[in-house]
Amino acid sequence: MTKAKGAAMRRIQAGNVLSAFGLGFTVPYLYVYVAQVRELGASTAGAVLAVFAMAALVALPFTGRIIDRRGPLPVLVGAAGLASAGAAGMGLSGSVPAVVLSAAVLGAGTAVMQPALATMIVWCSETATRTRAFATQFFLQNLGLGVGGLIGGHIVDESRPSSFTLLFGIEAVMFLVLAGIALTVRLPHSPALPGRRPADTEAAAKGGLRVLLGHRAMVQLLVLGFVVFFACYGQFESGLAAYGTEAAGIEPATLGTALAANTAVIVLAQFLVLRFVEHRRRSRVIASVGLIWAVAWLAAGYAGLGHGSQAMATAAFISTYALFGLGEAMLSPTVAPLVADLAPKAMVGQYNSAFALVKQLALAVGPAVGGPMGAALHGPYIVTFVLFSLSITVLALRLGKRLSPAQDRPSLAAKARVVAVHKPEGAVAPAR
């Protein structure tokens, strides 16, 4: 990585962690704020959460093309400003129309920030450094969310609406800080990775969705991404939480401990895992995550369906979240960089936006399916998600057959580039 790219990357990551810190202040308390603090009821709180997700689904299909035409920087700055306005509005809202509108603005802003940040990271990295860059982003996001949630928990007071207004105000300021930092970044363009991509990048930029859907490796990755987010993230605060309290007899406070264990594993294991992942095939790393998550779901099954003590059930349930964290730490340096390496240079924004859209769809469908199953159909719930986890392994191995060697193992591209640098001028570059 050049000195200029390194400086740009550091600023991007700094803005990333500060925005995650701001989100951590409010995300865990959004439902309580709307339903109880503002006394708007559980149905309004549910509608706010639904609008928050739906706004992302509406905004993301248009985001990628704008990023590719205008660049990720103005999109990120605009999205951060939009999210700041939504957060400030949420903190001041006292009526149903106001909180719903604020949720829509906040949801759209935070959703658009994801592919814009991802594209900036792609532009400021190369194939050899991209894995570590995305792993660092994921680590900092979880650290920011965790620290923000911890500090926010000591500030909130359900009897004082002003304490929530303060939290949303801090979140709004953090988004503005992100925009300010982004404006200081000088973005270089990242060189394209040779491999199995759509050949004509200019046609690809114009063809948009049609070209993306014709790229079989990317379509397979989108399907894989949907299953990943549906089987894990889409269950954290819905189906798995309902299953834990109903089937395993887990206390609500223990759910917080389980989420803390998940975050702790990610923070502590991320860079240890990165050393293991960096020189291995991405497809096989993702496949191994499916196996780890299958074990996690079996541990959850033991917690709810076994005949051990309550202490053993609690330990098994917490270990489920910890194993999910290990899998997440393995996915962060593999999936997001792979999206970037599959994308034509002219369509990086559209590829990142398509993947973000699939993620949001999974996060919307996951709770709708998993919540009722986790609460009432305990055995089928565990079997279903063990099978979903195993399907991650199958899909990842199938995807690996469509990837070029450099796409599946980016360390090969780095070695090839080093060899080429030392070759005499005019020599033929080695085949990849």
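All values reported here derive from a predicted model rather than from experimental measurement. (Residues numbered from 1 in each chain as written. Predicted model: local features only at pLDDT ≥ 70, side-chain atom pairs only at ≥ 80, totals over all residues. Heavy atoms only, no water.)

Undergrad: Describe the overall build of the protein, naming the residues involved and giving the relevant values.
TA: Counting secondary structure elements, the protein contains 19 helices and 0 strands. Long-range contacts, defined as pairs at least 24 residues apart, comprise 85% of the intrachain contacts of the protein with a sequence gap of at least 6. As displayed, the protein has an accessible area near 18200 Å², and 67% of this comes from carbon and sulfur atoms. (Helix = DSSP H or I, 4+ residues; strand = E, 2+ residues; numbered from the N terminus. Contact = heavy atoms within 4.5 Å. Areas by Shrake-Rupley, 256 points an atom, 1.4 Å probe, with all protein chains shown as cover.)

Undergrad: Please give an account of the confidence of the model for the protein that cites residues and values.
TA: When pLDDT is averaged along the protein, the result is 80; 87% of the residues meet or exceed 70. Note that pLDDT drops below 50 for residues 416–432; the model gives that stretch 6 contacts with residues more than four away or on any other chain. (pLDDT = per-residue confidence, 0-100.)

Undergrad: Give a description of the layout of surface pockets that names residues and reports values.
TA: Considered as a void within the structure, the second largest pocket measures approximately 260 Å³ in volume. If you go around the second largest pocket, you meet 14 residues; those closest to its centre are Pro61, Leu209, Leu212, Gln350 and Ala354. Listed by contribution, the elements that provide at least two residues to the lining of the second largest pocket are α3 (42–70), α9 (209–213) and α16 (348–376). In terms of residue count, α16 provides more of the lining of the second largest pocket than any other element does, 5 residues in total. The residue inventory of the lining of the second largest pocket, partitioned by class, reads 9 nonpolar, 4 polar and 1 charged. (1 Å grid on protein atoms, 1.4 Å probe; cavity = no way out; pocket = protein on both sides within 12 Å on 5 of 7 lines; lining within 4 Å. Points joined across faces, edges and corners; volume = space filled by probe spheres on them. Nonpolar A, V, L, I, M, F, W, Y, C, P; charged D, E, K, R; others polar.)

Undergrad: I'd love a proper account of the environment of Thr26, names of residues and values included.
TA: Here Thr26 is to be found in helix α1 (residues 3–26). Linking Thr26 and Thr165, residues 139 residues apart in sequence, is a C-alpha distance of 9.9 Å. Discounting residues that sit within four places of it in the chain, Thr26 has contacts with Leu167, Phe168 and Glu171.

Undergrad: Before we move on, can you summarise the nonpolar core with the specific residues and values?
TA: Soluble globular proteins tend to pack their nonpolar side chains together in the buried interior. In terms of nonpolar packing, the biggest core is built from 99 residues, with Leu221, Leu240, Trp293 and Trp297 touching the most fellow members. For this core, the element with the highest residue contribution is helix α5 (residues 96–123), accounting for 11 residues. Setting aside residues no more than four positions away along its own chain, Trp297 makes contact with Ala231, Gln235, Leu240, Phe324, Tyr381, Ile382, Phe385, Val386 and Ser389. In terms of nonpolar packing, the next biggest core, distinct from the first, is built from 16 residues, Ala35, Ala45, Val48 and Phe168 among them. (Core = buried A, V, L, I, M, F, W, Y, C linked by side-chain atoms within 4.5 Å. Buried < 20%, exposed > 50% of the residue type's maximum accessible area, 1.4 Å probe, protein only.)

Undergrad: Can you explain empty space enclosed by the protein? Please cite residues and give values.
TA: On inspection of all chains with the given rule, the structure shows 2 cavities of 30 Å³ or more. There is about 30 Å³ of room inside the second largest cavity. Lining of the second largest cavity is provided by Arg11, Ile12, Gly15, Leu76, Leu117, Met120, Leu178, Ile181, Ala182 and Val185. When the residues that make up the lining of the second largest cavity are grouped by side-chain class, the tally is 8 nonpolar, 1 polar and 1 charged.

Undergrad: Lay out the environment of Pro161 with the relevant residues and their values.
TA: Positionally, Pro161 belongs in helix α7 (residues 161–183). Put simply, Pro161 and Arg38 are 123 residues apart on the chain and 7.4 Å apart in space, counted from C-alpha to C-alpha. Leave out the neighbours within four places in its chain, and Pro161 touches Val37 and Arg38.

Undergrad: Can you break down a positive patch on the surface residue by residue, with the values?
TA: On the surface, Lys3, Arg10, Arg11 and Arg186 cluster together to form a positively charged patch. The exposed category is assigned to Arg186, whose relative accessible area is 78%. (Patch = residues over 30% accessible without salt bridge, like charges linked within 9 Å, V, L, I, M, F, W, Y side chains within 5 Å. Salt bridge = Lys/Arg side-chain N within 4 Å of Asp/Glu carboxyl O. Lys, Arg positive; Asp, Glu negative; His and termini not counted. Charge placed at Lys NZ, Arg CZ, Asp CG, Glu CD.)

Undergrad: Help me get a handle on helix α4 (residues 72–92), residues and values and all.
TA: Taking 1.5 Å as the rise per residue, α4 with 21 residues should run 30 Å; its terminal C-alpha atoms sit 30 Å apart, in good agreement. Taken together, the buried positions of α4 are Pro72, Leu73, Val75, Leu76, Ala79, Ala80, Ala83, Ser84, Gly86, Ala87, Met90 and Gly91. Lining the buried residues of α4 we find α2 (30–37), α3, α5 and α7. (Expected span 1.5 Å × (residues − 1).)

Undergrad: I'd like a description of a nonpolar patch on the surface, backed by residues and values.
TA: Where nonpolar side chains cluster on the molecular surface, the patch consists of Leu143, Val147, Leu150 and Ile151 and spans about 310 Å² of accessible area. Positionally, Leu143 belongs in helix α6 (residues 127–155).

Undergrad: Give me the packing of α2 against α3: which residues, what numbers.
TA: Where α2 meets α3, the axes come as close as 8 Å, and the angle between the chain directions of the two elements is 145 degrees. Note that α2 runs across α3; the crossing there is right-handed. In this structure, α2 uses Leu30, Tyr31, Val34 and Ala35 to contact α3, whose residues at the interface are Ala42, Thr44, Ala45, Gly46, Val48 and Leu49. (Axes fitted to C-alpha atoms, helices over the stretch in contact; angles between N-to-C directions. Left-handed = near helix turned anticlockwise from the far one by under 90°.)

Undergrad: Please give an account of unusual backbone geometry that cites residues and values.
TA: Where the residue is not glycine, phi is negative for most of them; where a peptide bond is considered, it is trans in most cases. Backbone geometry at Glu39 places phi at a positive 55 degrees, although glycine is not the residue there. With respect to the helices and strands, the residue Glu39 is situated in the loop between α2 and α3.

Undergrad: So, the packing of α4 against α5: which residues are in play, and what are the values?
TA: Direction vectors running N to C along α4 and α5 enclose 155 degrees, while the axes themselves pass 7 Å from each other. Comparing the axis directions of α4 and α5 gives the class roughly antiparallel. Here α4 and α5 pass one another in a crossing that is left-handed. Looking at side-chain class alone, the contact of α4 with α5 contains 21 nonpolar, 6 polar and no charged residues. (Parallel < 35°, antiparallel > 145°, perpendicular 65-115°, else oblique.)

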